[in-house]
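Letter by letter, the chains look like this.
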Amino acid sequence: MTDTWYIVTVQPGSYDLDELADWFRKAAGHEPVEVSRPKGGGAWIEVYFERDIEAQICARALDLAFPGIVRAVRSCREKDWQTFWRAHFKRRQVGAALELIPVWDERPEAAPDRHAILIDPGLSFGTGDHFTTRFCLEMLDELFARQVPESMLDVGTGSGILSIAAAKLGCPRVDAVDNDEYSLAQAAENLKLNRVDTVVTLAPHDITQGPPEGVYPFVCANIYGKLLIRVAHHLVATCRGYLVLSGILQREEEQVAQAFLAQGGREIVRDGGGEWTGLVFDFKS
Ligand SMILES: C[S@@+](CC[C@H](N)C(=O)[O-])C[C@H]1O[C@@H](n2cnc3c(N)ncnc32)[C@H](O)[C@@H]1O
């Protein structure tokens, strides 16, 4: 991996954040990272490139597609990126049994009744700071307390955080997929860090290309609303139990819910944090 990244940062202004994120996915072929200001004041999008020229081309294309957009290109050394995370990612307890701990924390142990999940975020998504991840973790915590499933599929694993949580909560087999090579590399590091690399299997997979092989009693997909709708049939094909969906903007929730109801699911949870909504469907019966 490179130790210098070139970052295009965009402030949406009057443009729609979701539309911008979609543009990046299609035009730049990169998964954008949404960054929120810790104390309100809006959000912005960052996209990482390995080469300066790629970032510059993307920024020019952005100017044409979104006239007047406020954007910047900067370089960032891996070291600086880590400094950013050290300031923003703090330990936190989630649900009844989980505790998220940044890898640099001086006390890597969780409270006695909790499982420690050590995370080095690197360039991947998934520290538990974001509602979308927290919702999935809370659902894992709650539903596994009733019955630990024999296996789980984690679609869009990012930092690997949900797979690590599932393994720590006792799931004996977890399969995690992502279409982003950096996320897979970062997830591999985090699995080792948490000593769950024998339980969790990582694989490159693009969910738009079809369902991964196998069926699972528990599936998590924290991707994004439009993609969930597009791949609903692929996700449902893998699931014979609970399907946890996240990454859904509140205004998309009804459309996403309808897509999964149409596939024969029974909605059992709908929970929102204001901007975002998480859904759980039961595909057992
Ligand atoms: C919002 S992050 C979720 C990360 C982590 N699972 C969490 O809950 O924090 C979404 C992840 O989905 C991946 N992703 C996006 N589109 C995908 C696709 N078509 N197929 C597989 N993974 C995808 C991204 O690379 C990213 O790592």
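From a predicted model like this one, the values you see are computed outputs, not experimental measurements. (Residues numbered from 1 in each chain as written. Predicted model: local features only at pLDDT ≥ 70, side-chain atom pairs only at ≥ 80, totals over all residues. Heavy atoms only, no water.)

Which parts of the structure should I look at to understand the overall build of the chain?
Helix and strand counts for the chain stand at 9 helices and 14 strands. In summary, the chain has a C-alpha radius of gyration of 18 Å against a globular reference of 19 Å for 285 residues, a match within 12%. The dimensions of the chain, computed from C-alpha atoms along their principal axes, are 50 × 45 × 35 Å. Looking at the chain as a whole, 52% of its 285 residues qualify as buried. Partitioning the contacts of the chain with sequence separation of at least 6, the portion at a separation of at least 24 is 62%. When the accessible surface of the chain is split by element, carbon and sulfur atoms take 49% of a total near 13,200 Å². (Helix = DSSP H or I, 4+ residues; strand = E, 2+ residues; numbered from the N terminus. Rg over C-alpha atoms; globule rule 2.2 N^0.38 Å. Buried < 20%, exposed > 50% of the residue type's maximum accessible area, 1.4 Å probe, protein only. Contact = heavy atoms within 4.5 Å. Areas by Shrake-Rupley, 256 points an atom, 1.4 Å probe, with all protein chains shown as cover.)

I keep staring at the site of the ligand and nothing clicks. Help me out?
The environment of the ligand is made up of 20 residues, and the closest members are Thr133, Gly156, Asp178, Asp206 and Asn222. At 2.8 Å from a nitrogen atom of the ligand is found a main-chain nitrogen or oxygen belonging to Gly156. In the environment of the ligand, an oxygen atom lies 3.5 Å from a nitrogen or oxygen atom belonging to the backbone of Gly158. Taken by itself the ligand offers 600 Å² of open surface, and the protein chains cover 96% of this. Of the residues belonging to the shell around the ligand, the class tally is 6 nonpolar, 10 polar and 4 charged. (Near = heavy atom within 4 Å. Polar contact = N/O pair within 3.5 Å; in protein donor to acceptor, adjacent residues only side chain to side chain. Nonpolar A, V, L, I, M, F, W, Y, C, P; charged D, E, K, R; others polar.)

I keep staring at the nonpolar core and nothing clicks. Help me out?
As a rule of thumb, soluble globular proteins bury nonpolar side chains together. Among the nonpolar cores identified, the biggest contains 38 residues, and Leu137, Leu140, Met152 and Phe218 are the most heavily contacted of them. The dominant element in this core, judged by the number of residues it contributes, is helix 4 (residues 131–146), at 8 residues. Membership of the second largest hydrophobic core comes to 26 residues, among which are Tyr216, Tyr224, Ala232 and Phe260. (Core = buried A, V, L, I, M, F, W, Y, C linked by side-chain atoms within 4.5 Å.)

Sorry if this is basic, but what is going on with the sheet that holds strand 7 (residues 115–119) here?
In spatial order, the strands read 5-6-7; together these 3 strands make up an open sheet with mixed pairing. Both edges of this open sheet fall to strand 5 (92–94) and strand 7, since each of them pairs with a single strand only. In this sheet, adjacent strand axes meet at a mean angle of 30° when their direction is disregarded. The pairing of strand 5 with strand 6 (residues 98–102) spans 3 bridges and is classified as antiparallel. Bridged to Val94 within strand 6 is Leu98. Each of strand 5 and strand 6 is contacted by helix 4, which is oriented at about 50° to strand 5, the strand it contacts most. (Pairing = 2+ DSSP bridges. Axes fitted to C-alpha atoms, helices over the stretch in contact; angles between N-to-C directions.)

Would you mind showing me how to read the packing of helix 4 against helix 5 (residues 161–168) here?
The description of two helices packed together rests on the angle between their axes and the distance between the axes. Relative to each other, helix 4 and helix 5 sit at 15°, their axes nearing to 10 Å. As judged from the angle between their axes, helix 4 and helix 5 are roughly parallel. In this structure, helix 4 meets helix 5 at a crossing whose hand is right-handed. Contacts from Thr133, Cys136, Leu137, Leu140 and Phe144 in helix 4 reach Ile161, Leu162, Ala165 and Ala166 in helix 5. Here the residues of the contact of helix 4 with helix 5 sort into 8 nonpolar, 1 polar and no charged. (Parallel < 35°, antiparallel > 145°, perpendicular 65-115°, else oblique. Left-handed = near helix turned anticlockwise from the far one by under 90°.)

Any chance you could explain the domain arrangement of the chain here in plain terms?
Under the domain assignment used here, the chain contains domain 1 (4–82) and domain 2 (130–282). On a C-alpha basis, the centroid separation for the pair domain 1 and domain 2 is 25 Å. Facing the 8 residues of domain 1 at the interface are 9 residues of domain 2. In this assembly, domain 1 packs against domain 2 so that about 770 Å² is buried in total across both faces, 42% of it on carbon and sulfur atoms. For the pair domain 1 and domain 2, the interface holds 3 salt bridges. Lys226 is paired through a salt bridge with Asp18; the nearest N and O atoms lie 3.8 Å apart. In terms of residues, the side of domain 1 that touches domain 2 owes the most to one element, helix 1 (residues 17–28), which gives 3 residues. Residues that form the side of domain 1 that touches domain 2 fall into these classes: 1 nonpolar, no polar and 7 charged. (Domains from an automatic or database assignment. Buried area = accessible area lost by both parts, 1.4 Å probe. Salt bridge = Lys/Arg side-chain N within 4 Å of Asp/Glu carboxyl O.)

What is the right way to read the sheet that holds strand 8 (residues 152–155) from this model?
Strand pairing in a sheet relies on backbone hydrogen bonds, with the paired strands running either antiparallel or parallel. An order of 10-9-8-11-12-14-13 is seen for the 7 strands of this open sheet, with the pairing classed as mixed. Edge positions in the sheet fall to strand 10 (200–204) and strand 13 (266–272), since each of these pairs with one other strand and no more. Neighbour to neighbour, the strand axes of the sheet diverge by 15° on average, direction disregarded. One ladder, built from 4 bridges, connects strand 8 with strand 9 (residues 174–178); its direction is parallel. Across the sheet, Asp154 pairs through a bridge with Ala176, a residue of strand 9.

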